[in-house]
Every structure is written in C-alpha cells, then in structure tokens.
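Reading the structure
What follows is each chain in one-letter form.
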Amino acid sequence: MNKKSDLAPETKIAQAMHHVDTATGGIAPPIQPSTTYVRDENYQLMVPAHSYSRDENPGYLVAEKMLAELEGATSALLFSSGMAAAMAVIQALQPGDHIVAPKVMYWGLRRWLLTFCGNWGLQLDLFDASDPHALENSVTEGKTKLVWIESPCNPTWDVIDIGAAADIAHGIGARLAIDSTIATPVLTQPIEFGADIVMHSATKYLNGHSDVVAGALVTTQEDEFWAGICRNRVDGGAILGPFEAWLLQRGMRTLFLRVRRSSESAMTIAKQFEGHPNLEAVLYPGLTSHPGHEIARKQMQGGYGGMLSLRVTGGEEGALAVVKNCKVFTRATSLGCVESLIEHRYSIEGKSSPIPKDLVRLSIGIESVDDLIADLEQALS
Ligand SMILES: Cc1ncc(COP(=O)(O)O)c(C=O)c1O
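What you see is a predicted model, and the numbers here were worked out from it, not measured in a lab.

So, on to the sheet that holds strand S6 (residues 197–201). The strands that make up a sheet are held in pairs by hydrogen bonds between backbone atoms, and each pair lies either parallel or antiparallel. Read from one edge of the open sheet, 7 strands run S1-S7-S6-S5-S4-S2-S3, paired in mixed fashion. On the outer flanks of this sheet lie strand S1 (75–79) and strand S3 (123–127), each paired with one strand and no other. Direction aside, the axes of adjacent strands within the sheet are offset by 20° on average. Across 5 bridges, the pairing between S1 and strand S7 (residues 215–219) is antiparallel. Paired with Ala76 across the two strands is Val218, which belongs to S7. The strands touched by helix H4 (residues 107–120) within the sheet are strand S2 (98–102), S3 and strand S4 (144–150), with S3 carrying the most contacts at an inclination of about 145°. Against the sheet, helix H8 (residues 224–236) contacts S1, strand S5 (175–179), S6 and S7, and its axis sits at roughly 25° relative to S1.

Here's what the structure looks like:
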C-alpha cells in the first residue's frame, strides 16, 4: 500500500489530509470559535501555538495544509478575502519600490493599486499582457521589487507565461506573485514555474459554493518578505472567521471534481459557440484560435478552466440583451461556483474599464452542459 505521502493530491484533498480530530475521533475537523486561550498558574499557554484568534485559529490549519499540498508549497495563509491577501503582499513592500501588473486583471485590485500605490509612495506600471515583450520592457533592475501577474487574466483570459515572467522578475532581483484564482491549483501550480507567491480569491473555486468570502497566499520561500506578509495579517486582522475556514476546507474537498467538470463544460460551450453568427468572438484559452493557447497548453494541465467570455454582435445593447434573455445562467457577479453565472463586466466596472462593452463573461458551473448550451442558444437567437 502507498505511504500517505505518495498518495495523489486529489486523494489527500478529498480526505482533508486524512484529518482525524484527536479529541473525539471525528473525521470532520472541529470548529473552534474561541477568541482567546487559557494560561496555567505559571502563566504558560495551555497549548503554546494558541493565544489569541487574531494571530490564528486552530481551524485554519487543515485548510492551510490542504492549500500548501495543492500548490506544492511549504506555507499557506488564509485571509478574510482575496483582496485582503493581495493587500498583505503589496503592503509588505517599502515606499519607493516599483510594482508592475497587467492592465487587464481583477478590476478591484487594479482600482485599489491605482490609488493606494500613490498614497503609499509605491511606483506602479501596468503592462499589456497581450504583448509578449511588454513585461520585460516595464521592469527596471534594482527598482522593480514585485511583478504581479494574473493568468488567465480576467475577463479576456489573456495567458501570461509564468516561467518567462519568473525569469524576468528574478533576473532583475524582483519577486513574482501571481493571482491564480482562475487557473486553480488543479490546472496550474505556479510555484513549479518559478512563482514566489501564489494568491487566490478562495471565494471562487477553492470554496466553490458562493457562500464564503476568503483569500489565500502560499509560498515556498519563508523569508523576511513572507514574515512581513504574515505580520500584516496578524496586525491588520484580515482573518477568516472559524466557520468560514471550516466551510472552505469542506468546499476544497470537492475541488478536483468541480474544476474538471467546469473546465470540460466550458470547453464544450466554447467549441459549440465559436463562429456563432451573433458573436464576434469566443474568448477561451482552450480554443486553438486563442492567442494564449500555446502557453496555456504548456502551463495548464487537464483543462483550461471554467471561465469564458463572449463578444456579442450589436455592442453593449446586444450583450445586455443576451444577459437579459438567459434563464438557466444566473445574472450575478463572481465566479468559480457550482452554479453558472453570467455578467456584463463593463456595467460592473464602469467608465474607466478597459473591458469591451460587447463582452459577456460566463462562469461555468457543474450543471448539465446541455441545459447551459440550450440557454445560450435561445438567449443569442
Ligand atoms: C481573479 C480575482 N482575483 C481576486 C479577486 C478578489 O477576491 P475577493 O472578492 O475574495 O476579495 C477576485 C474577485 O472577484 C477575482 O475574480
């Protein structure tokens, strides 16, 4: 029989790392709501690791172990949201440091970076991820301290070559951090390609059920920079509630099943609608017509993810009509959950958005793909 360490990640994740509660024998991890922990007569903590819940909660450990396993990392940290996780990284930089990030990325983070960097004395440059030389041209040796990427980039699904980005970052003495929310650790493990820090909005695929807002960071480099990130969580209190951490570990147990199903269905839908007379384009990295397909093939294993976008003929009006006509897709923001969602990104992001007005974003869930196709067919007719 296999040693436990030889087991496939999906086995370990389904079993929550073979967790057994030593106090009761329960195979589901317990929830510990306590904010504080007892000391004995000599003022020693009863369990040295546990003092106060802004530092950490024993319930995080299972989910953090699962995340580290999924990403091939040595250390993982849960946060109260994906944004809180990203902020903890940016706030570990020093005034004067230079950051580069893609122009098309999660818009909330881009919007925050654009105001925060100025206020914090950080220099920010946004590069065009569809231009293969843009990243290299936007970094400066000795000045750039962080290269932030997202791949595939939300919501056009431009693909960034993680290995090439790591070489560029390391070549000038910078770190590479990646928002890997869309790819998920099932399809891409960025550390394998040289990323230093991997970030997730765990609100999305990791939890997968539209009922927890959470974030995560993982690394293999537990250096001073990582120590600063850990302090930012503790001092800033960007911590996840114990119940949310518990829901997250439960959601992650089915991650492989959900991601594979969503990816298969997204591929089927992308192929079905490519060339549809009422569409200008189908944007999906799994299609050979996608400009990032070759890189995606290299760094995504077992699928291209559950996210795709449709560029609808008739501009904004045409796109909004499709959204309006859908009956099976739910009109809502967010992504990576069991139910399929449809949204018009430009309406959400507003006038400063670089997103085309004719773009409709689809997050493919785990429903019958035939129902999803039939819904889109009728909405596009
Ligand atoms: C790709 C991506 N990264 C980060 C975030 C931010 O995560 P959260 O909403 O958990 O703060 C989102 C949220 O939509 C996202 O889609």
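Okay, back to it.
A separate point is the site of the ligand. As a matter of local geometry, the ligand sits amid 14 residues, with Met83, Asp179, Ser201, Thr203 and Lys204 nearest to it. In this structure, an oxygen atom belonging to the ligand sits 2.6 Å away from a side-chain N or O atom of Thr203. Within the contact set of the ligand, an oxygen atom lies 2.8 Å away from a side-chain nitrogen or oxygen of Lys204. For the ligand, whose unbound accessible area comes to 390 Å², protein coverage reaches 89%. Listed by contribution, the elements that provide at least two residues to the shell around the ligand are helix H3 (82–90) and S6. Counted by class, the shell around the ligand contains 5 nonpolar, 6 polar and 3 charged residues.

This brings us to helix H2 (residues 60–71). Taking 1.5 Å of rise per residue, the 12 residues of H2 would be expected to cover 16 Å, and the 16 Å separating its terminal C-alpha atoms lies within 8% of that figure. Among the residues of H2, those classed as buried are Tyr60, Val62, Ala63, Glu64, Met66, Leu67, Ala68, Leu70 and Glu71. Remark: Gly72 follows H2 within two positions and exhibits a positive phi of approximately 65°.

Attention shifts here to the environment of Ala332. Considering the arrangement of structural elements, one finds Ala332 in the loop between strand S10 (330–331) and strand S11 (341–344). Overall, the relative accessible area of 29% leaves Ala332 in the partly exposed class. The sequence separation of Ala332 and Val20 amounts to 312 residues, and the corresponding C-alpha distance is 37 Å. Setting aside chain neighbours within four positions, we find Ala332 in contact with Leu341, Ile342 and Glu343.

So, on to the pairing of S5. Within S5, 4 of the 5 residues are buried, which leaves it mostly tucked inside the rest of the structure. The pairing of S4 with S5 spans 5 bridges and is classified as parallel. Within S5, the position partnered with Trp148 by the bridge is Ala177. Tracing the backbone out of S4, into helix H6 (residues 162–171) and back to the parallel element S5 gives a crossover that is right-handed. With 3 bridges connecting them, S5 and S6 associate as parallel partners. Bridge assignment links Ile178 to a residue of S6, and that residue is Val198.

Reading the values: rules and limits
Residues numbered from 1 in each chain as written. Predicted model: local features only at pLDDT ≥ 70, side-chain atom pairs only at ≥ 80, totals over all residues. Heavy atoms only, no water. Pairing = 2+ DSSP bridges. Helix = DSSP H or I, 4+ residues; strand = E, 2+ residues; numbered from the N terminus. Axes fitted to C-alpha atoms, helices over the stretch in contact; angles between N-to-C directions. Contact = heavy atoms within 4.5 Å. Near = heavy atom within 4 Å. Polar contact = N/O pair within 3.5 Å; in protein donor to acceptor, adjacent residues only side chain to side chain. Areas by Shrake-Rupley, 256 points an atom, 1.4 Å probe, with all protein chains shown as cover. Nonpolar A, V, L, I, M, F, W, Y, C, P; charged D, E, K, R; others polar. Expected span 1.5 Å × (residues − 1). Buried < 20%, exposed > 50% of the residue type's maximum accessible area, 1.4 Å probe, protein only. Right-handed = clockwise from strand over helix to strand, strands pointing away.

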